[in-house]
Each structure stands twice: as structure tokens, then as C-alpha cells.
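An overview of the molecular structure
Here are the chains, one letter per residue:
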Amino acid sequence: MAKYDFKVSEKKWQDFWRDNHTYQFDPDSNKPIFSIDTPPPTVSGKLHLGHVFSYTQTEIIARYKRMAGNNVYYPFGMDDNGLPTEKLVEQELGIKGSEMDREDFISKCLAVVGEYHKKYRDLWQSLGFSVDWKLEYSTISPSVRKLTQENFIDLYQRGYIYRKKSPSLWCWNCQTSVAQAEVEDTPKESVFYDIPFKDAQNNQLIVATTRPELLPACVGMIVNPQDKRYAHLIGKEVTTPLGHKVKVYADDKAKIDKGTGIVMCCTYGDETDLEWKNKFNLEEKIIIDKHGRFIADCGLEALVGKTITEGRKSCVAWLREKKLISKEVPITHDVGCHERCGTPIEIVNTDQWFVKVLEFKKELLTLGNKIKWHPQSMKQRYNSWVENLKWDWCISRDRFYGIPIPVYYCQECGEIILPEKQQLPLDPLTFKIDKVCPKCNALGLKGENLVLDTWFTSGNSPELNVKLNQPLTKGKITIPMSLRPQAHDIIRTWTFYTIVLAYFKYQSIPWQDIAISGHILLRKGEKISKRTGGGQLRPEDQISLHSADAIRYAMCGASLGLDAYYDDNEIENGKKLINKLFNASNFCFMALQDYHNPSLKYEELLPIDSWLLAKSFDIANKMSTYLEKYDYSHSKAIFENFFWSIFCDNYLEIIKKRIYNLESNDPKKRSAQTALFYSLLNILKIASPFIPHITEDIYQSYYINTLPSAPLSIHLSSWPSEDSKNITMSLEKTDSVVSEIINIINLVRTQKSHDGMSLAKEVSNLQIFHPALKMADITPYLFDLQGTTKAENINIAIGKEISVALKYKA
RNA sequence: GGUCGCUUGGCUCAGUGGUAGAGCAUUCCAUUCACAUUGGAAAGGUCAGUGGUUCGAUCCCACUAGCGACCACCA
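A few points on the structure. Because the structure is predicted, anything quoted here is derived from the model rather than measured.

Further remarks concern the overall build of chain A. What chain A contains, in helices and strands, is 24 helices and 29 strands. Projected onto the principal axes, the alpha-carbon positions of chain A cover approximately 110 × 65 × 45 Å. Per-residue burial over chain A gives 57% buried out of 810 residues. For chain A, the computed accessible surface area is about 34600 Å², with 50% contributed by carbon and sulfur atoms.

Our next topic: the packing of helix α16 (residues 568-591) against helix α18 (residues 632-661). Relative to each other, α16 and α18 sit at 30 degrees, their axes nearing to 11 Å. Looking at the two axes, α16 sits roughly parallel to α18. Here the hand of the crossing between α16 and α18 comes out left-handed. Two secondary-structure elements touch here, α16 through Glu570, Lys576, Leu577, Lys580, Leu581, Ala584, Phe587, Cys588, Met590 and Ala591 and α18 through Lys636, Phe639, Glu640, Phe643, Trp644, Phe647, Cys648, Asp649, Leu652, Lys656, Ile659 and Tyr660. Split by residue class, the contact of α16 with α18 holds 15 nonpolar, no polar and 7 charged.

We now examine the sheet that holds strand β18 (residues 408-410). One open sheet holds the 3 strands; their spatial order is β19-β18-β20, and the pairing between them is antiparallel. The open sheet has two free edges, formed respectively by β19 (416-417) and β20 (445-447), since each of these has just one partner strand. With 2 bridges connecting them, β18 and β19 associate as antiparallel partners. By the bridge assignment for β19, Tyr409 is matched with Ile416.

Let us look at the packing of α16 against helix α19 (residues 667-687). Relative orientation and spacing of two packed helices are given, respectively, by the angle between their axes and the distance between those axes. In the contact formed by α16 and α19, the axes pass within 10 Å of each other and the chain directions differ by 150 degrees. Classified by the angle between their axes, α16 and α19 sit roughly antiparallel to one another. With respect to the hand of their crossing, α16 and α19 are arranged in left-handed fashion. Contact residues: Leu581, Ser585, Cys588, Phe589 and Ala591 in α16; Gln673, Leu676, Leu680, Ile683 and Leu684 in α19. For the contact of α16 with α19, the per-class residue count stands at 8 nonpolar, 2 polar and no charged.

This brings us to the protein's contact with RNA strand B. Around RNA strand B, a shell composed of 50 residues is seen, among which Ala208, Val263, Asp270, Asp334 and Tyr660 lie nearest. Restricting attention to atoms of RNA strand B within 4 Å of the protein, one finds that 73% of them are sugar or phosphate atoms. In the environment of RNA strand B, a phosphate oxygen lies 3.4 Å from a nitrogen or oxygen atom belonging to the side chain of Gln180. Between a phosphate oxygen of RNA strand B and a side-chain N or O atom of His634, the distance comes to 2.7 Å. Going through the elements one at a time, β7 (183-199), β8 (204-209), β13 (327-338), α9 (379-387), α16, α18 and α22 (724-754) are the ones with two or more residues in the surface near RNA strand B.

Before going further, it helps to examine empty space enclosed by the protein. Going through the model one piece at a time under the given rule, you end up with 5 cavities of 30 Å³ or more. Within this model, the largest cavity holds a volume of roughly 190 Å³. Lining the largest cavity are 17 residues, with Leu83, Pro84, Glu182, Asp453 and Thr454 sitting closest to its centre. Residue contributions to the lining of the largest cavity peak at 3 residues, all from helix α3 (residues 83-93). Here the residues of the lining of the largest cavity sort into 6 nonpolar, 3 polar and 8 charged. Taken as a whole, the second largest cavity holds about 90 Å³ of empty space. Lining the second largest cavity are 13 residues, with Gln57, Thr58, Pro485, Ala515 and Leu560 positioned closest to its centre. Among the secondary structure elements, those contributing two or more residues to the lining of the second largest cavity are α2 (49-67), β22 (481-487) and β23 (511-517). Of the residues forming the lining of the second largest cavity, the biggest block, 4 residues, is contributed by α2.

The buried fraction of β23 amounts to 6 of the 7 residues, a majority that puts the element mostly inside the structure. In this sheet, β23 lies alongside strand β15 (residues 372-374) in parallel orientation, the contact comprising 3 bridges. Residue Trp373 lies in a different strand from β23, and its bridge partner there is Ile514. Note: β22 against β23, 6 bridges, orientation parallel. The residue of β23 that forms the bridge with Pro485 is Ala515. A crossover links β22 with its parallel partner β23, the connecting element being helix α13 (residues 491-506), and its sense is right-handed.

Under the 1.5 Å per step criterion, the end-to-end length of α19 is 30 Å for 21 residues, consistent within 8% with the ideal 30 Å. Counting buried positions along α19 gives 18 out of 21 residues, so the element sits mostly inside the fold. Its side-chain oxygen at 2.7 Å from the backbone nitrogen of Lys668, Asp666 defines the N-terminal cap of α19.

This part takes up the pattern of salt bridges. Under the defined criterion, the tally for this structure stands at 40 salt bridges. For Asp122, the salt bridge goes to Lys118, with nearest N and O atoms at 2.7 Å. Of this pair, Asp122 and Lys118 both sit in helix α4 (residues 102-126), 4 residues apart, which is roughly one turn of the helix. The partly exposed category is assigned to Asp122, whose relative accessible area is 35%.

Taken as a whole, this structure holds 0 disulfides when the rule is applied. The thiol sulfur of Cys413 is not disulfide-bonded, and the nearest other cysteine sulfur, from Cys437, lies at 3.5 Å.

This part takes up the side chain of Ser166. Summarising the element assignment, Ser166 is placed in strand β5 (residues 161-171). Assessed through its relative accessible area of 11%, Ser166 is described here as buried. Setting aside residues no more than four positions away along its own chain, Ser166 makes contact with Val348, Asn349, Thr350 and Phe354.

So, about the packing of aromatic side chains. In this structure the tally under the stated criterion is 39 aromatic pairs. Geometrically, the ring pair formed by Trp17 and Tyr23 is edge-to-face, given 5.7 Å between the ring centres and 65 degrees between the ring planes. Judged on exposure class, the residue Trp17 and its partner Tyr23 are both buried. What links up through ring pairs into an aromatic cluster is the set Phe152, Tyr156, Trp353, Trp393, Trp455, Phe456, Phe496 and Tyr497. Sitting over the ring of Phe587, Lys656 keeps its end group 5.5 Å from the ring centre.

Structurally, Glu275 can be placed in helix α6 (residues 271-279). Considered as a pair, Glu275 and Gly305 are 30 residues apart in the sequence and their alpha carbons are 28 Å apart. In this structure Glu275 touches Lys253 and Lys390, once residues within four positions along its chain are discounted.

With that settled, consider the sheet that holds strand β16 (residues 393-394). The strand order β6-β5-β14-β16 describes an open sheet built from 4 strands, whose pairing is antiparallel. Bordering the open sheet on either side are β6 (176-177) and β16, each of which pairs with just one other strand.

Following the sequence through the fold, Lys65 ends up in helix α2. If we ignore the near neighbours within four places in the chain, the residues touching Lys65 are Phe34, Asn70, Val72 and Glu628.

Turning next to helix α14 (residues 539-546). Along an α-helix, residues three or four positions apart point the same way, because every turn accommodates 3.6 residues. Among the residues of α14, Pro539, Gln542, Ile543 and His546 are the ones counted as buried. The arc that holds every buried residue of α14, seen down its axis, measures 100 degrees, which confines them to one face. Elements that come into contact with the buried residues of α14 comprise α1 (6-19), α2, α4, α15 (548-555) and α16. At the exit of α14 stands Ser547, carrying a positive phi of roughly 90 degrees.

Criteria and cut-off values
- Residues numbered from 1 in each chain as written.
- Chains lettered and ligands numbered in written order.
- Predicted model: local features only at pLDDT ≥ 70, side-chain atom pairs only at ≥ 80, totals over all residues.
- Heavy atoms only, no water.
- Helix = DSSP H or I, 4+ residues; strand = E, 2+ residues; numbered from the N terminus.
- Buried < 20%, exposed > 50% of the residue type's maximum accessible area, 1.4 Å probe, protein only.
- Areas by Shrake-Rupley, 256 points an atom, 1.4 Å probe, with all protein chains shown as cover.
- Axes fitted to C-alpha atoms, helices over the stretch in contact; angles between N-to-C directions.
- Parallel < 35°, antiparallel > 145°, perpendicular 65-115°, else oblique.
- Left-handed = near helix turned anticlockwise from the far one by under 90°.
- Contact = heavy atoms within 4.5 Å.
- Nonpolar A, V, L, I, M, F, W, Y, C, P; charged D, E, K, R; others polar.
- Pairing = 2+ DSSP bridges.
- Near = heavy atom within 4 Å.
- Polar contact = N/O pair within 3.5 Å; in protein donor to acceptor, adjacent residues only side chain to side chain.
- 1 Å grid on protein atoms, 1.4 Å probe; cavity = no way out; pocket = protein on both sides within 12 Å on 5 of 7 lines; lining within 4 Å.
- Points joined across faces, edges and corners; volume = space filled by probe spheres on them.
- Right-handed = clockwise from strand over helix to strand, strands pointing away.
- Expected span 1.5 Å × (residues − 1).
- Salt bridge = Lys/Arg side-chain N within 4 Å of Asp/Glu carboxyl O.
- Disulfide = S-S within 2.5 Å.
- Phe/Tyr/Trp six-rings, centres within 6.5 Å; stacked < 30°, edge-to-face > 60°.
- Lys NZ or Arg CZ within 6 Å of the ring centre and 35° of its normal.
- Arc of directions from axis to C-beta.

Right, dumping it as C-alpha cells:
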């Protein structure tokens, strides 16, 4: 018998599925629709094992749902614009978006992105994902651009989007504004500098700060209202080391026990400074520009033109020289940094566009409650994010490769002027619209140069699925979709933004269910990060080394939502299972050589055969219960136990004598064959969502020709289901006896093992002692029992406990 | 600081209000009739700690400790 060669077979069946459109969405089907809001991966380089982990878990669900009678809508998208993609292109081509014509840069981006589409698609296909590739979308495609710009205009006109010049989160390294969700706390080494200020009486007043370079931007001092040390200063003026006079204010946010208890408020050191500036109506002193450099009139000569880091050094040097630092204490503290580049986020006053979210917290929490979360505990992350929002969603980015904000300004009065919807998609930098300012009648219009946060597009993925590919879906996909699968790191971005946009556009939840997967870790505590991408372990290599089925198997061992390790052991187990399935099937087909005209009548089966078959349906039911809850791991575990332990180790051994020793027309043999024929089919079906290639291979080698009206692919067959009466009848009648029979067999095996005998050692007499079973009970199993134990004679007698005594043949 | 989750044999993890389970690792035994990517078996745990509820707690409750994550703080 030829060995199973996954390298040949996996490719063969992937091609087969593609050529036969096996997973194509059928808009004319009457089956209930199960629609999956697949995550469009960010095109930012290579896909890593983290992606494989999360997507495989969804893939299993898609396959199960299809077999369970649903019309599965399983599309694929690529999020191929925005900052990560831009950086990829800049790195790959050695160019800078900021140094070239925007249109030219974008066309270069599109070319690079096209190559990555293919790479991504190839990887997914090599894992055997049952995606309908005709339903692919890209977030930079013209139709998505149009839809996104329409949405922008729509939400702007309905008052959900506004433009404002205000201090916002800014990454000077990436030269763009960022949203709250893109800020990541990172521990940074720093130093607390004690700097003397002076009060009106010329008394020293020590202020501790980690950001001495912001001294020139100090516009106020804050103390805690309860702090007796400084109570006398509240409302008075103090003098900074630079000679500025600033007033002292009281606010609870100043902690008595932190630093020296007195804080300088600078525009802007952090978000609290912004709060205080607004609360006490302080002036704004901007000393750092958009590029993160100190401006010419920043107020301290030593800082001019320097970056923030250099500026801090120079400032400290300057202060030391003037003997204005009384103490330096090194500390490590968390600093909000840009998740993409690690640069500390600054607050810079710029014109940006925002989506209102702060005033809708209550509604957003209500919507979160209407969605079913799997696992449920993940909802808490969404809740705490919404509850703690501090900024409206900043959707504008000062970058190049993204969907342009479709807005024009009157050059005379600055009025905002929108294009017509039929003109979309457009780039206002190059596309001229022929409009007169409605306010001042001026003619000259200037296009907006900001582009949209890519989440503004991908956060609308349910609508993309509804509106794109209309000829293929015929409007059958609706909101809410059935399922959003994703990993837990993007709850505060993708989950949140999608709920926001679905609320504004549809006053609806975007999906019924959300299934949150965990992360795959390389070793304890070692994440596959956005920046490092899993080191040497490339999915492509792992697949060609171990097979797609084995990798898939290894990816679905951990419970939904839990992080897991990338474990060689699990891959080995997967390979063993594939091998076992192949070999067991070969045995079955050999046993079925003289089995023709399959038909299933329970009354024609021996008890153990109907038991096995009923058991296989029962297992399928149990798996189904788990899979309906997106619990692939328990489902896999009970499959494996059934197949390996019950089917292979016990049942196949039990029936061997009937297969080998009986004539073709013997009803006892035919009974075993019928059980084999149908239970192996069930086994292949229930394993197929997990290991689709090997199961298809086996199915195609036998069932396609023997099963009446066999579907073209095992993946188009239906999940095993049987009249529950047949299952319960067979199981109730025989379950306890069969488990006693298996017990007896195991006891004999143990005894032989204990006696140092081969399991094939012939036994002249097997004496069974059992508290309840009588000869009549075991008679239907006697033939099998003889075959399994190699016993010539078998007797049973009453005994306190179950036990066996063997008399070996000489 | 707040919230959520976790703590079970050497490792990775299931699990249940009624004498603890799996896989891997370890040790021993078997072998030619599907499979050495095999089969059989042994050894290995006071289920993190303390207290409570209960006839009975690994499971329910409270507290404590450790780990992880999310959120907040970050002068």
C-alpha cells in the first residue's frame, strides 16, 4: 500500500477544490446563510504564525457550518493601505513618501501591494482554507475607496464627523496624528529631575519632572487641594527657573505623594496637561513643531532646532551648569508610544478630523451587550475600552498612501466644500471640482491633503461585504452578519470601530456573534509581535516541512481565546493522527473489498456493530454542540478519542476475526462491514474540518465510487446525523455491555502483558468472573471475544469483581 | 490602582458537588495478517494556600499569594 504523501496530495486537492469551485457561495441556495466577517490582514510584510493560528480556528468553523447545512459566506479581504503598508513599501523600495509626488508614490505602493496579495493568497490556499476567492476585496480598490468616501460624506453631513484644530495625539517620527487606540504603553528608562522654582517670597519650591525640556512651555503649577505644604500658594504666582511667572492651581489629579507634590503643567507634556490647560483656561505655549523639533522662539536658546531627545539632554546640561538641578533619580515608567514605531506620542495642535464617540458611550456599551461574545469574558475588554475613552476617534492621517478625505476648502474663507457623490472616488489633491464657495462666492478651492485612518475603512467591513460583489451575492448578505472572528489584540480597534460605524450607519449591531482567538506564543511569555513577526518560524516553511493538515491540527488545541504555544509535540501528534487515519482507512477498505450495495438497517447489525455506528453519530452530535459555540478544541478532543481509542484500538481489533475468517456472504461479516462502511465515512466527515486534505484524499479513493449519490467532495457532504431514536436505542441497549466487553478484553491484554506473553498468544480457556453478566449476555459477542483474546473456550461465572483467568495453550 | 482570566502528575492542558483525567516525557512488555508516525502496561498529583457553605469541595463562596492579559496612572 502506497504511503500518504502530503506534498503531492495537499496540492492536488487544493487544485481540485479551486477547479471545482467547491467553496463558492451560492446566492440562489435556500439554505440559511452563515456569513463570516473575515479579518482582512494588514499588508505589512509577511504573515506569521499568529495569523495562521487565528485564521485556522475560523476556517474550521466555516467548514463545519457548511456541512451543518448552512450557505456559508466566507470571503477574504486585504487591508492594503495605511501606515503599515506605506512603511513596507518605503522599506522595500528604499523610497520616502514624503519626498515624492503623492500620485507617483501611490502607484508604487499599488504595485508592491499586488505582489503581497498573491503571497497572502498562496499561503492561505496552501493551508487549505475554504475561502471563496471570488469574494476577495482590497481596502484600496476603487469600489472600496468610493464606498469609504461616501460614508465619510454621509457621516459628516449627519453630524457624526467634525473637523477641529485641537491638540491631538501625534507621532513625530511617522509625521502623523494617531488615534487613542494606536497608543501603546511601553516601559522607558527616565530620570526624575528636581528643579527649584521660587515663590513670591523667594523661597525655593522644588518641582520634580521627567521632562525638563518642557520648562519653557510651563504655563501653570498644580498642587493637590489637600496638600498642606502648598495650600498657601494656591492662586499665587511662582517663578520658573527661566524667569516666567506662572500661577498655582489646585486639582485632585496632583498626587501628594508623587514627586514633590507640585507639578508643572506644560503645553503639552501629556494628556493631563491638556486637561488642566482646559480646566484652568491656561495659555498655550507651543515650543515643539510637527517634526518633533524645538521652534526658533521656544524660549531657550539651547533647545532651538533640536529633537525632543537632544533637547532634553541640552536642557539638562544647561540646568546643571546653572546649578538648577538639585537631585536626579533614575526611574522606569510607562510611556504612551506609537504602536507601529515605538516613538513616544506627543500632543500637537493640528487640524484633524474626528468621529464622535465620546457622546455615544452608553449606546456603544448597549450594542456590545447585544452581541454574543465567545468567550464571554472578552466583552469586558470592550467595555473597559469604551468606558475609558478620552478622545473622539481621530480618523485623519498626515500620510500619503490611504483613502483621501474627500473635502475641499475655500481658499478665501476656509469653508468646507464637499464633492458630489457621483464624483467619488477622488483625490482632492489632483481632482478639481467646479464649485463656488457657497459662503463667499470665491472660486478657488484647495483639496484636503489628509488621508483616512485605514480603520475607517476596515471598521466598515460588514458593509463592504454587503455592498461589494453584488453579482455574486445578489444582496443576500445583510447586517448583522453572523460572525466576526478575530484575535484579542484588536478589540479596541477593529471590534470597537466596527460597532461604532454599524451604529451610525445601520443603528444595528454589526454581527450576531464575535469569536475572539488568543495568540500563539513562541515560548512562555514570548509573543509574536507586530514588529518582529515570529522570528525564524515562517508559516510557509512549517507547512512544507510538516503538512498543512498537521499545522492546522496543532493550531486548534487550545481553547478559544486562550494563548497557546507553538508546540512541536502537537505537530507530531497531528502527523501521527493523519498517518493513523490513512492506515485505518486502508484496513477498512481491504475489509470492504467484498462489500457491495451498501445499505444501513440497524436490525441487521450485531449489537456491537450498531453500537459503534450509533456511537459515531453520537460523537458527531456532541462535536456539533461544541462547534456551535465555536469550541473547536473540545470538539477535536472528543473526535480524537473516539477515532483512536474506540474505533482503532478497540473496535477494529474486535471485528478482525469476522473480517478475516468469515465468508463474504456471512451476515456476521456483512454486519461488521456495514458498520465499517458508515462509521468510517462519519469519521472522515467529522475530521474533515480539522484536516481537510487527508480526509478528502481518503474519501476520493473510496467513497466517491461506492457511496450512492456521493457528493463531489467530502467537504460538500453533510454533517453526520441520524434519527436520534436509532442512536439512543442502540446505545441504551448495548452501551453498558460493550464497555464490559472492552473491559474484559483489556483485562486479558493486561494479564498477557503481565505474564510477558504476546497479545497473540493462544489461550485454551478464558474464565471470566463478573458480578452481573451471564453467558446469555455475552453470547452475541462471543465470536469477537474469541478473536480478540485468542481464546478457544470462554466461560463466565459470578464473581465479586470483574476479573479474568487465562489458561495458555502449550 | 481597577477589571478579567489562570494556578490540577516532570511538561502542555482537559474536567466534575460523591474514590482525580488525557497527550507528551519516563520505565517495562509485545510485534511480522491497517499502522513502529504501532499496541499493551507501570509509575507519577493532599487539584496554589487559608477559611466558609455542605452529609461530602479540586469543583460553590470569601480572603490570601503567584502568574498573565486588558484598562487606568505615568509630574
